[in-house]
Amino acid sequence: MKRSSVGRRVFLVPLLGLLLVSPFAVLEYQRSPHRGLPYHDSFATDRAEEWKAFGGTWELINGTMRNDSDERGAKLLTGSMRWRDYSIEADVMLLGTGGDAGLVVRSSDEEEGVDSYTGYYAGLRNLDDTLTLGRAGHGWMEVTKPVVLNPGKVLANRWYHLKLLAVGCQLIATADLPSQTSNTTITVNDADCISSGRAGLRSYESGGVWRNVVIRPATESDVAAILSSAHLQGDQSSPSQNLGVTSLSSFHAPEADYPAPGLPSNPNTQPISSLKSFPVARPEEATVRGTVILTAPAMYVQDSGGGVLVENSAHEAVRVGDEVEVTGTVRPSNFSATLAGATVRVLWGGSPMPALSVTASQAATGAFDATFIEVEGRLQTKAYGNEDTLIFDFDSGLQSFRAIMKRGRGDALYDKLKLGSLMRIRGVSVVDPAYTENNVPFTLLVRSTDDVVVLAGPPWWSAGHLVAILTCLLLLALLSNYVYHRVNNWRLRAIAEEREHLAFEMHDTLAQGFAGIGFQLEAIRTGVPEEFSGMHRQIDFASELVRHSHAEARRTVDMLRPQQLESQGLLGVLSACAHRLVAGGSVAIEAKAVGDVQPIPLRISDNLYRIGQEALANAVRHAHPRTLSILLEYGKNSVRLNLSDDGAGFVQREDLGGFGLLGMRKRAASISAHLDIVSQLGQGTLVTVMAALPPRITFLSWPQLLYKFLREKYRNATTIEPPHPGAYRG
Amino acid sequence: MMKSCDTQLRARGWNVRSSLLLLGAVALLGLMGCQRGSRIEIAVIPRTSGAMMWEPEHVGAQAAALKLGARVYWNAPTREDDIEGQIALVQRVSFQNYQGIILAPDQSRALITPVRRAIERGLAVVVIGSPLPMPPGGRLSYVLNDEEAGGRIAGARLASLLHCQGSVAILGIDRDISGIVTRARSLEEFLASACPAVRVVKRDGSFNIPHEQQVAEETLRANPDLDAVVALTSTSTLGALTALKNIRTIHRICVIGFDPDSLFRLENPNLDSLVLEDTQRMGAEGVRIIVGKIHGVSGPRMTQIEPVLVTRENVNSAEVRQLTTMDWRPEPFAATWRIVQ
C-alpha cells in the first residue's frame, strides 16, 4: 500500500510540474520574436493562406504574387506582430508607371487606405527613378535616393531585387538588378523607432509582381555586412537630414513625367451595345473603346453601354482598369458580341470599373452578358473545377447561378466558405454554355477573392442543430432527474441518520433511566414490610408501568434505527424485529422472499418496514400467536409484503381504527401502496401491503417505457370529455 | 447549540459570497473606468489621403487635437470617387469609440444617411469642404470652402488675363460634389456680370484623370479658338494640362486650376494660377468645434473659409508653404531621421 502511494507520487509530481510549466512554455513560444522565421514563400505551389490583403487585387500567377490594381497603398502582409529584428527580400517588378512597389517591415495597425498602417516601407519608384525608404503612421514620411542601377531608371516590367532590413532602430534598404553587381542603398536611423511588426508587400499607383520572398532574422553582423558591401561598391552617401519637407517629392509628379497616351484615340469607335446588331452573314470589322474588366480566363472590355468578349487578341500587357481600343471582326450573339482576331491598344491605365449591382433575376435574362456586375446569392455547393479553378453554385430566391474563379489565393477562401452562407459576388456575367453548361442561366467569372464578400453565415437553425438542441435538452432532463433522485436519497438518508442519532440518544438516556427506575422500585418493594400490601400493589403497578414504558421506549428506538434496513434488507430487518418482539417466548418466526429480488427504493422500503413493524407488534401484543410469517413477494414492477399470524384474530369493521392502523394506512398511501387487512376471530390475521416499484430504465427498455408513458398520457387525455357548449352559459 | 453553529456557518458563507461579489463589482467598475478614458477621439475622413489638398487637413487637425488633448484617427478611401469606401469608413467609426467625425464627403447625397446615423449615435459631425443637403444644427456643423469666393477669385483672374474678351472652357464640373457645382455657377455669374463678352463652354467631369484628359482633348478640338480653361478639380487640371501637351492650339491657352495635387504644376507654362482650399484651417476648426461641443460649448454652425490664389509670384511665400505642408506630425513628436551612411 505504502509502495503504491510512493509510486503514485513519483508519477504525479512530474506530471503536475509539466502541466504547470507547459502553458508558460507555450506562451513563451507564441511570443518569441523568431517564431515562424526563417520564412520562404510558397507562391510556386499556389499557396498563400498566411498572407492577408488590405486593398488591391492580389493573385497567385505562375509562382508569383501579383497585384494588378493601381490602387494607392495596396498591401499584403504576413508574419507575427512580435517579429523584431529581421530582413525581408524579394524580386519585385513594377507593372505600371507613375508609382512604386516594394516591401514592408514592422507593420501593425493595418487597414485599407493609402498610408493606413504603422511600419516601414522601401520601394522602387519609377515616377522619379528613386529608391524610397519611409515610415507610415497613417501619414507618410520618407527619404529617397536616386538609383545607381544601369540604366539609372526604374523601368516597368523588369525584375529588381529589393531587401529591407530592420535591426534595432536602424533601417537599411537595398535595390539591385539581378544581373548587375552594383546596388543602391539607403540607411536610416529612426530615433523613435517602431520595434516590431509584420512583413509584407506594398504598391502605390502601380501594380506589382513579387517572387522569392524570404524573411530571416537579422543581427548587427547582417547590418555590418550590407554596409561594408555598399561601401565597397562605392555607393555615395547623402548628408543627414530631417524628415518632413522632403516628403513632398514622393507625391507630386513633375508634369513632364505624367504618362501621356501613346497615340490619339480613334474617333470612329462604335458603342459596344451596337455590336449585337452587326450582320451575321457578312462579318464586319469594328473598333470599340472601353475599360478592361477581365483579363483571365478571357478578356472582356466594357463601356457605358455594355461589354464585349475580345478573342485572339494581339496586345501589349493589359490590366484590369486599362482604357483600351479594340479593333476586330464582330461576331454578334443573342445577348452580346465577340471581337475576333482583335488588336488591343492601351490608351491609358486606369482604375477598375465599379460593378453594377443587379438581382439574379435581372442577370438571368442575359441583359448583362459580358458586363461586370455584382449579385447576391446563397452558397449551395463548392467544388474544384478543371484548369485550376474553383466553382461555386448559388441560389438567389427564384434563380440560381454559378461563379468560377481561378484557384490562386482562393484556396484559403474555399476552405472558409460554409454552404448556406449569403454572399455578394462581383464578376463578369456570361451566358456562354461553355461556362453555364446550360444548368444555370448565367455564370460569373470572378477576378479574385477580393470580389467575394460573405454577408452572413449559414442560418443557425438547421436540422442538425435542432437535433443537437433536442438531444441536449433530453440529456439535461435525464441529468436533472438523476440529480433530483440523488438529492432525494440524500435527504432521506439524512433523515434516517438523524433518527439513528435520536435513537442512540434515547437508548443512552431514556432506556437507562427506565432501567434505573425499575431497580429503585424493586429495592423499595423489598424494603417495604409485607403488611403494607396496598403499598406493595402500588409499587407493583409502578414497576409494571416502568417495564411497559421501557418496552415502548425500546420499540421507539428500534423504529428510529433504519440503518439495518440498508445492510440487512427489508426481510432481514423485519425478521430481526419479530425476533426481538418475541424474545424469550416460544413464537416461531418464518421469513421468506420469493420472486426476482430487486432493489427497493429507500422511501418504499422504509415505509414497508414501519407498516410491518406495527403489524408484528400488534400481532405479538394482541393476538398471542404461535407462529408469525413474513413473506416478501417480488413482482416485475411491484413488491408485496404479507404478514400473517395464527393468533386470536378480530372482528373486522369498516371504521376499524386503533392498533396503529391509521399510521399504517397513511404510510401505505404515502408510497401509493395498497394495504389490505383480513382477519377472523380465532383464525388469525393477514396484513398485505402491495407497492409498485419504479421501472428499471435500461438501454433496451426505455423505448417501451416511453411508449407506455405516452400511451397513458393519451389515454388520460382522451378520457377527459370536452365541455358542453352550454356548460358556461350563465 | 446546533442552531447557533448552523447560523454561524451560514453567516460565514454569506460573508465570503458577499466579499467576492463586492470584489467583482469593484473590478468591473475599474474596468469600466479604464474603458471610457478621458481623451476625446475624433475620426478625420477626407475625400482621399496622401494628396496635397488633404494632407494639410491632417496637419491642422493633428495640431489642434494636440493642443486640446484630443486624439485624431486619420483615414480615407484611396480614390476620391470611392464613395462606397467612404460610406463604409464613416459607418465603421460611428460604431467605434469616437466622439466626433470630421468628414469631407466624396458625394453630396450618398453620405446623408451615414452622417445622420452617426449623429443619431451621439457623435458630433463637422462636414468640411463641400456641404451635404442637410441643414446645420444640433450635432452637425459645417466648415466649408467658400466656393462662391473661389469662383469670383478665378473669374477675377480670368478677367485680368483675357481683358474680358475671348472664350473660356469650364471643365471638371463634378455634380457629385455640390461645392464644385457652386464654384462653376459663381464663376459663370461673375463672368456674366463682369465680362459679358466672354463665351463660356462647360463640360462635366469626374475624378478619373484619363477621362478628364479625354474630355479636355475633345473640348479643345471642338473649340480651337479657346483662350483659357478653368479646371475645377485636380483631375481636370491635370487632364487639361496633359491635353494641351498633345494638341496643337492656335494660341497659348492659359489654365486656372482648382485643388491641385502639386505646386510643381506651376512649372508648366500653360498653368497660370491655382486656387487652393485652406484645408489645414478646416481641419483645425473642425477639431475645435467638436471638442467644444463635447464640453458643452456651442460653436458656429456654419463657417466659410476663403480659398487662396497661388501664382508664380507667391508660390514660395510662407503662407503658401504653410498651406501646402504635408508634414502632419505635431512638432513635439516629430521623429528625427538621419541618413547614416
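These figures come from a predicted structure and were not determined experimentally.

Here we take up the overall build of chain A. A count of helical and extended segments in chain A gives 12 helices and 33 strands. Of the contacts made within chain A by residues no fewer than 6 positions apart, 67% connect residues no fewer than 24 positions apart.

Tallying secondary structure elements over chain B gives 10 helices and 13 strands in all. Long-range contacts, defined here as pairs at least 24 residues apart, represent 73% of the contacts in chain B between residues at least 6 apart. By element, 56% of the accessible surface of chain B is carried by carbon and sulfur atoms, the whole surface being about 15,200 Å².

This part covers the nonpolar core. Residue and element names in this part refer to chain A. Of all hydrophobic cores here, the largest spans 44 residues; its most connected members are Leu 124, Leu 201, Trp 210, Val 213 and Ile 215. Take this core: its biggest share by element is five residues, from strand β6 (residues 86–94). Ignoring any residue separated from it by four or fewer positions in sequence, one finds Leu 201 in contact with Trp 51, Trp 58, Met 65, Ala 74, Lys 75, Leu 76, Gly 102, Leu 103, Val 104, Trp 210 and Val 213.

All names here are of chain A. In terms of burial, strand β21 (residues 337–348) is largely enclosed, as nine of its 12 residues are buried. Strand direction decides the pairing type here: strand β18 (residues 306–310) and β21, joined by two bridges, are parallel. Counterpart to Val 310 in the pairing with β21 is Leu 339. Relative to β21, strand β20 (residues 323–332) runs antiparallel, the two being bridged by nine bridges. Looking at the pairing, Thr 329 lines up with Ala 340 of β21. Once β20 ends, the chain turns through four residues before running back antiparallel as β21.

Residue and element names in this part refer to chain B. Counted at 1.5 Å a residue, the expected span for helix α5 (residues 147–162) with its 16 residues is 22 Å, and the 22 Å between its end C-alpha atoms agrees. When we look at burial in α5, the residues that qualify are Glu 147, Ala 149, Gly 150, Gly 151, Ile 153, Ala 154, Gly 155, Leu 158, Ala 159 and Leu 162. Once α5 ends, the next one or two residues include His 163, with phi positive near 55°.

With that out of the way, let us pick up the packing of helix α7 (residues 463–527) of chain A against helix α10 (residues 602–623) of chain A. Residues and elements named next belong to chain A. One can describe the packing of α7 onto α10 by two numbers: an axis separation of 10 Å at closest approach and a directional angle of 35°. For the element pair α7 and α10, the recorded crossing hand is left-handed. Two secondary-structure elements touch here, α7 through Leu 492, Arg 493 and Arg 499 and α10 through Leu 602, Arg 603, Asp 606 and Arg 610. Taken together, the residues that form the contact of α7 with α10 break down as two nonpolar, no polar and five charged.

Let us look at the sheet that holds strand β10 (residues 140–146) of chain A. All names here are of chain A. Read across the open sheet, the seven strands follow the order β2-β5-β14-β7-β8-β9-β10; overall the sheet is antiparallel. Because the sheet does not close on itself, it has two edges, and the strands there are β2 (52–54) and β10. The average angle at which neighbouring strand axes cross in this sheet is 20°, direction not considered. Inspection of the sheet shows strand β5 (residues 72–78) paired to strand β14 (residues 198–204) by six bridges, in the antiparallel sense. The partner of Lys 75 across the bridge, within β14, is Arg 202.

In low-pLDDT segments, the atomic positions of the prediction should not be examined closely. Residues and elements named next belong to chain A. With 87% of its residues at a pLDDT of 70 or more, chain A has an overall mean of 83. The low-confidence segment residues 234–263 (pLDDT under 50) makes 72 contacts with residues lying over four places distant or belonging to another chain. pLDDT under 50 marks residues 722–730. Its contacts with residues more than four places away, or in other chains, come to one contact.

This part is about the side chain of B:Asn223. Residues and elements named next belong to chain B. In this structure, Asn 223 sits in the loop between α7 (209–222) and β8 (228–231). Given the relative accessible area of 12%, Asn 223 is considered buried. Of the polar contacts made by the side chain of Asn 223, one reaches the side chain of Arg 199; its length is 3.4 Å. For Asn 223, the residues in contact, after removing those within four places along its chain, are Arg 199 and Val 201.

A separate point is the packing of aromatic side chains. Residues and elements named next belong to chain A. Counting across every chain of the model gives 11 aromatic pairs over all chains. Between Trp 83 and Tyr 86 the ring centres are 5.5 Å apart and the planes differ by 70°, which places this aromatic pair in the edge-to-face class. On the basis of relative accessibility, which here comes to 0%, the residue Tyr 86 falls in the buried class. One aromatic cluster is present, formed by Tyr 39, Phe 43 and Trp 51 through successive ring pairs. Above the face of the Trp 140 ring, Arg 202 is positioned so that its terminal group lies 5.8 Å from the ring centre. Between Arg 211 and the ring centre of Trp 159, over which it is positioned, the NZ or CZ distance is 3.8 Å.

Our focus in this paragraph is the pattern of salt bridges. Scanning the model with the defined rule gives 44 salt bridges over all chains in all. As a salt-bridge pair, A:Arg447 and A:Asp451 come within 2.9 Å of each other at their nearest N and O atoms. Under the relative-accessibility criterion, A:Asp451 is labelled buried at 3%. The salt bridge partner of B:Arg288 is B:Glu285, with a shortest N-O separation of 3.2 Å. Note that B:Arg288 and B:Glu285 are positioned in helix α9 (residues 279–294) at a spacing of three residues, about one turn of the helix. B:Glu285 gets classed as buried once you look at its relative accessible area, which sits at 18%.

Okay, the state of the cysteines next. All names here are of chain B. Inspection of the entire model under this criterion finds two disulfides over all chains. The disulfide bridge from Cys 164 ends at Cys 195, spanning 1.9 Å between sulfur atoms. Of this pair, Cys 164 sits in the loop between α5 and β6 (167–173) while Cys 195 sits in the loop between α6 (178–194) and β7 (199–204), placing them 31 residues apart in sequence. Residue class for Cys 164 comes out partly exposed when judged on its relative accessible area of 23%. Exposure remark for Cys 195: the relative accessible area of 1% places this residue in the buried category.

The next thing to look at is the pairing of strand β15 (residues 208–217) of chain A. Residues and elements named next belong to chain A. Of the pairings in the sheet, the one linking strand β1 (residues 39–40) to β15 comprises two bridges and is antiparallel in character. Paired with His 40 across the bridge in β15 is Val 214. Note: strand β4 (residues 64–67) against β15, three bridges, orientation antiparallel. Bridging across to β15, Arg 66 finds its partner in Val 209.

Before going further, it helps to examine unusual backbone geometry. Residue and element names in this part refer to chain A. The step from Leu 37 to Pro 38 runs through a cis peptide bond, and the omega angle for that step is -5°. Note that the residue after Ala 296, namely Pro 297, is joined by a cis bond; omega there is 10°. We note that Ser 672 has phi near 55°; this positive angle belongs to a residue other than glycine. Within the secondary structure, Ser 672 is located in the loop between α11 (661–670) and β32 (674–680).

Residue and element names in this part refer to chain B. Orientation of helix α3 (residues 83–94) relative to helix α4 (residues 112–120), taken along the N-to-C sense of each, is 5°, at an axis distance of 9 Å. It follows from the interaxial angle that α3 and α4 lie roughly parallel. Packed against α3, whose contacting residues are Ile 87, Val 90, Gln 91 and Ser 94, the element α4 presents Pro 114, Arg 117 and Ala 118 at the interface. Here the residues of the contact of α3 with α4 sort into four nonpolar, two polar and one charged.

Residues and elements named next belong to chain A. Topologically, Thr 118 is positioned in strand β8 (residues 118–125). Note: C-alpha distance between Thr 118 and Ser 108 (10 residues apart in sequence) is 5.3 Å. Those residues within four positions of Thr 118 in sequence are excluded, and the remaining contacts are Arg 106, Ser 107, Ser 108, Asp 109, Ala 136, Gly 137, His 138 and Ile 194.

Now for the sheet that holds strand β9 (residues 254–258) of chain B. Residue and element names in this part refer to chain B. The strand order across the open sheet built from six strands is β7-β6-β8-β9-β10-β12, with neighbouring strands paired in mixed fashion. Edge strands, defined here as strands with exactly one partner in the open sheet, are β7 and β12 (308–310). Ignoring which end each strand starts from, the neighbouring axes of this sheet average 15° apart. The pairing of β6 with β7 spans five bridges and is parallel. Bridge assignment links Ala 169 to a residue of β7, and that residue is Val 201. Relative to β6, α6 is tilted by about 165°, and along the sheet it contacts β6, β7, β8 and β9. With respect to the sheet, helix α8 (residues 234–246) is in contact with β6, β8, β9 and β10 (271–276), its orientation differing from that of β9 by roughly 160°.

For the rest of this paragraph, the subject is a nonpolar patch on the surface. Together, A:Leu470, A:Leu473, A:Leu476, A:Leu479, A:Tyr482, A:Val483, A:Val487 and A:Trp490 make up a nonpolar patch on the protein surface, roughly 830 Å² of accessible area in all. Position of A:Leu470 among the secondary structure elements: in helix α7.

Cut-offs and rules
- Residues numbered from 1 in each chain as written.
- Chains lettered and ligands numbered in written order.
- Predicted model: local features only at pLDDT ≥ 70, side-chain atom pairs only at ≥ 80, totals over all residues.
- Heavy atoms only, no water.
- Helix = DSSP H or I, 4+ residues; strand = E, 2+ residues; numbered from the N terminus.
- Contact = heavy atoms within 4.5 Å.
- Areas by Shrake-Rupley, 256 points an atom, 1.4 Å probe, with all protein chains shown as cover.
- Core = buried A, V, L, I, M, F, W, Y, C linked by side-chain atoms within 4.5 Å.
- Buried < 20%, exposed > 50% of the residue type's maximum accessible area, 1.4 Å probe, protein only.
- Pairing = 2+ DSSP bridges.
- Expected span 1.5 Å × (residues − 1).
- Axes fitted to C-alpha atoms, helices over the stretch in contact; angles between N-to-C directions.
- Left-handed = near helix turned anticlockwise from the far one by under 90°.
- Nonpolar A, V, L, I, M, F, W, Y, C, P; charged D, E, K, R; others polar.
- pLDDT = per-residue confidence, 0-100.
- Polar contact = N/O pair within 3.5 Å; in protein donor to acceptor, adjacent residues only side chain to side chain.
- Phe/Tyr/Trp six-rings, centres within 6.5 Å; stacked < 30°, edge-to-face > 60°.
- Lys NZ or Arg CZ within 6 Å of the ring centre and 35° of its normal.
- Salt bridge = Lys/Arg side-chain N within 4 Å of Asp/Glu carboxyl O.
- Disulfide = S-S within 2.5 Å.
- Parallel < 35°, antiparallel > 145°, perpendicular 65-115°, else oblique.
- Patch = residues over 30% accessible without salt bridge, like charges linked within 9 Å, V, L, I, M, F, W, Y side chains within 5 Å.

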